[in-house]
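Summary of structural features
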Amino acid sequence: MKITGPVRALGTMSGTSLDGVDAAIIVTNGVTIESFGASDYRPYSDTERDVIRAGFGQWGDLPEAAEIVETAHAQLLNRMEPSDLIGFHGQTVAHDPGGRGTHQIGDGQVLAEILQTPVIWDFRSADVQLGGQGAPLAPFYHFALAKWMKADAPVAFLNLGGVANITWIDPRCARPEQDGALLAFDTGPANAPLNDLMQNRLGQDCDREGALAARGSADESILRDFLADPFFYRMPPKSLDRDYFAHLSRAVSDLSDADAAATLTAAVAMSVSDAMQHCPIPPATVWVAGGGRKNPTMMQMLSATLDMPVRPVEDANLDGDMLEAQAFGYLAVRVARGLPTSCPGTTGVRAAVSGGTKSVPGKLAQVVGG
Ligand SMILES: Nc1ncnc2c1ncn2[C@@H]1O[C@H](COP(=O)(O)OP(=O)(O)OP(=O)(O)O)[C@@H](O)[C@H]1O
Ligand SMILES: CC(=O)N[C@H]1[C@@H]2OC[C@@H](O2)[C@@H](O)[C@@H]1O[C@H](C)C(=O)O
């Protein structure tokens, strides 16, 4: 497929919180954003979630979990408008960039056959093979968003999913792979330890609206220990496995429910605040996407800890639930055009690289990047 102008790309994301699959249309030439299209969501059932979660931390084939991921995507995408190209992230089950690599399940060729549409997938492997972290990959999309927003001074995007990641952008640069245009890295936990606490103690999926944390007080000594973790002493780019900070849920085991939730919520704000020291200059605004922006206690703690405005991306007319899905639609178009999807400033890769594998209906997968 030769891309000369804007195409309709359908991007998908099945994130670390395992709530379900997001899908969103974006019209783009892989450089500028022309417009946003429809989006939709398909939750995983409890049984599906349990099967996928059982695969977390495993590096081998997970046929049952992979089929669940493929089927959920196929059901969701089949009920959406057709597109020219699909960007399929898959589901991350294990991530160890300095060691065993990164492992996303779900086969793009299967989706290409079912949906009769070209699919770009396996976005992270080429980056890891070239010495990168393989994550985060949304930063090249954040760069396009900063241009779309007509930002004229550095801004940051903060994604609060299971893990938190930040992208610092200098929109005065012409291209995202240019030196000094982007700095991106995972900052620490977002909702994963808090969700685990809510599940284990109260059988709830999350601290809805931050109501529990709002009633508690954060434990300063646990937070001090948390910030002493070697992860915070590493220079970016750096990335995290979802469960790297799982021990934090155990560290709060002697606290009341409310104090434990407050401590885990404060840990998110403290680690984002710690991350700011790496930004070349402070961003004018921190634009927040991901489920954590719907937690008012988390947002208040962030505002109290950071020295700049912290605003949900909705204030810029964006959909904070769909940013990651849009990102993988955008990146799919870049891969199809051979444009880079990561660079030293975003993943620590040796040089800018165009990752991804392309599968077309009826054909064997062919690597187009790397
Ligand atoms: N109303 C709400 N109140 C509090 N927390 C919420 C609310 N809505 C969503 N969340 C939190 O956001 C999480 C989902 O966030 P999101 O969908 O951004 O994660 P993800 O995309 O799966 O993760 P990642 O970006 O790490 O892959 C939920 O698990 C929950 O913890
Ligand atoms: C390996 C992996 O799937 N990482 C995810 C995860 O979820 C958030 C954070 O950790 C980020 O590094 C990444 O996802 C986003 C979409 C990214 O690549 O930009």
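All of these numbers come straight from a predicted model, not from anything done at the bench.

**Regarding the overall build of the chain**
Looking only at helices and strands, one finds 13 helices and 13 strands in the chain. In terms of overall size, the chain behaves like a compact globule, its C-alpha atoms giving a radius of gyration of 19 Å where 370 residues would be expected to give roughly 21 Å. Principal-axis analysis of the C-alpha atoms places the extent of the chain at approximately 55 × 45 × 35 Å. Sorting the 370 residues of the chain into buried and exposed places 59% on the buried side. Partitioning the contacts of the chain with sequence separation of at least 6, the portion at a separation of at least 24 is 69%. Only carbon and sulfur atoms are counted for the fraction: they give 49% of the accessible area of the chain, which is about 14800 Å². Distance between charge centroids for the chain: 6 Å, based on 28 positive and 43 negative side chains.

**A short note on the sheet that holds strand β7 (residues 155-160)**
Neighbouring strands of a sheet are bound in pairs by backbone hydrogen bonds; such pairs are parallel or else antiparallel. Read across the sheet, five strands follow the order β9-β8-β7-β10-β11 without closing on themselves; strand pairing throughout is mixed. The open sheet has two edge strands, β9 (182-189) and β11 (310-312), and neither has a second partner. On average, adjacent strands in this sheet sit at an angle of 25° to one another, irrespective of strand direction. Bridge analysis of β7 against strand β8 (residues 163-169) gives six bridges, and the strand direction is antiparallel. Across the sheet, A156 pairs through a bridge with W168, a residue of β8. Relative to the sheet, helix α11 (residues 296-305) contacts β7, β10 (286-289) and β11, its axis offset from that of β11 by approximately 150°.

**Focus on the UniProt feature "binding site: ATP" (unreviewed entry) in the chain**
Here the UniProt-annotated "binding site: ATP" (unreviewed entry) positions come out as G15, T16, S17, L18, D19, G20, V21 and D22. For T16, the position within the fold is in the loop between β1 (7-14) and β2 (20-28). Exposure remark for T16: the relative accessible area of 25% places this residue in the partly exposed category. Locating G20 in the fold gives a position in strand β2.

**Thoughts on the site of ligand 1**
The environment of ligand 1 is formed by 21 residues, the closest being T16, S17, G162, N195 and E209. In this structure, N191 approaches ligand 1 through a side-chain N or O atom, which is 3.4 Å from an oxygen atom. Protein chains shield 88% of the accessible area of ligand 1, which is 650 Å² for the free molecule. In terms of residue class, the shell around ligand 1 is built from three nonpolar, 12 polar and six charged.

Parameters and conventions
Residues numbered from 1 in each chain as written. Chains lettered and ligands numbered in written order. Predicted model: local features only at pLDDT ≥ 70, side-chain atom pairs only at ≥ 80, totals over all residues. Heavy atoms only, no water. Helix = DSSP H or I, 4+ residues; strand = E, 2+ residues; numbered from the N terminus. Rg over C-alpha atoms; globule rule 2.2 N^0.38 Å. Buried < 20%, exposed > 50% of the residue type's maximum accessible area, 1.4 Å probe, protein only. Contact = heavy atoms within 4.5 Å. Areas by Shrake-Rupley, 256 points an atom, 1.4 Å probe, with all protein chains shown as cover. Lys, Arg positive; Asp, Glu negative; His and termini not counted. Charge placed at Lys NZ, Arg CZ, Asp CG, Glu CD. Pairing = 2+ DSSP bridges. Axes fitted to C-alpha atoms, helices over the stretch in contact; angles between N-to-C directions. UniProt positions renumbered as here; feature names shortened; annotations may be inferred. Near = heavy atom within 4 Å. Polar contact = N/O pair within 3.5 Å; in protein donor to acceptor, adjacent residues only side chain to side chain. Nonpolar A, V, L, I, M, F, W, Y, C, P; charged D, E, K, R; others polar.

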